[in-house]
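Coordinates in review
Listed here are the chains, written in short residue letters.
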Amino acid sequence: MSHQHEYLAIRSLRVEDAAALALLLSSQPPNYARFFYAFNFEEDAISKLLAERQRDFYAGVFWQGELAGFFM
């Protein structure tokens, strides 16, 4: 599933997006993410999560090709 515009794209996250998601999450101020326990922020853990998902849905919001946000 994806939606794309000239600058904006929303699509399912893939294993190859793990590094971008790890960077996005780890770059947040500690107070911002202090209550977010959904998964480990390390790239290897995110890669495994995306590779092994079955019924879960993880999507990214990309602005000009860069991951700007995500939802699940």
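Right above here is the structure, for reference.
This write-up is about the structure you can find in this document. What you see is a predicted model; the values in this text were computed from it and never measured.

The helix and strand inventory of the protein chain stands at 3 helices and 4 strands. When the elements of the protein chain are put in sequence order from the N terminus, they spell out β-β-α-α-α-β-β. Since a compact globule built from 72 residues should have a radius of gyration of about 11 Å, the 12 Å found for the protein chain is in line with a globular shape. The principal-axis extent of the C-alpha atoms belonging to the protein chain is close to 35 × 30 × 15 Å. Looking at the 72 residues of the protein chain, the share that counts as buried comes to 28%. Summarising the internal contacts of the protein chain: among those between residues at least 6 apart in sequence, 57% fall at separations of at least 24. For the protein chain, the separation between the mean place of its 6 positive charges and that of its 9 negative charges on side chains is 8 Å.

With that settled, consider helix 1 (residues 18–26). Listed in full, the buried residues belonging to helix 1 are Ala-18, Leu-21, Ala-22, Leu-24 and Leu-25. All buried residues of helix 1 lie within an arc of 165° about the axis, which places them on one face of the element.

Below, the discussion takes up the packing of helix 1 against helix 3 (residues 43–52). Relative orientation of the contacting elements helix 1 and helix 3 amounts to 125°, with a least axis distance of 8 Å. Considering the angle they form, helix 1 stands oblique to helix 3. As for the relative orientation of helix 1 and helix 3, their crossing is right-handed in sense. Note on element contacts: helix 3 touches helix 1 through Glu-43, Ile-46, Ser-47 and Leu-50, opposite Ala-18, Ala-19, Leu-21, Ala-22 and Leu-25. A class-by-class count of the residues in the contact of helix 1 with helix 3 yields 7 nonpolar, 1 polar and 1 charged.

Here is what the cut-offs are and how they apply
Here the residue index of a chain counts from 1 through its sequence in written order. Where local features are concerned, this predicted model is filtered to residues with pLDDT of at least 70; where side-chain atom pairs are given and counted, the filter is 80 or more; whole-chain, interface and lining totals use all residues. In computing side-chain values, all of the structure's heavy atoms are included and hydrogens and water are not. What counts as a helix is a DSSP run of H or I of at least four residues, what counts as a strand is a run of E of at least two, and both are numbered from the N terminus. To get the radius of gyration, use the C-alpha atoms; to get the globule rule, take the number of residues to the power 0.38 and multiply by 2.2 Å. Note on exposure labels: buried denotes an accessible area under 20% of the residue type's maximum, exposed denotes more than 50%, and partly exposed covers the range between, all computed with a 1.4 Å probe on protein chains only. Throughout, a contact is declared for two residues whenever any of their heavy atoms are within 4.5 Å. Here Asp and Glu are counted as negative and Lys and Arg as positive; His is not counted, and neither are the chain ends. Note that the charge is assigned to NZ on lysines, CZ on arginines, CG on aspartates and CD on glutamates. The arc in question is the one traced by the directions running from the helix axis out to the C-beta atoms. Here, axes are lines fitted to C-alpha atoms. For helices the fit covers the stretch in contact, and angles between N-to-C directions go from 0 to 180 degrees. By the definition adopted for this analysis, an angle is roughly parallel if under 35 degrees, roughly antiparallel if over 145, roughly perpendicular if from 65 to 115, and oblique otherwise. The crossing is said to be left-handed when, going from far helix to near helix, the turn is anticlockwise and less than a right angle, and right-handed when the turn is clockwise. Each residue receives one of three labels: charged for Asp, Glu, Lys and Arg, nonpolar for Ala, Val, Leu, Ile, Met, Phe, Trp, Tyr, Cys and Pro, and polar for the others, Gly being one of them.

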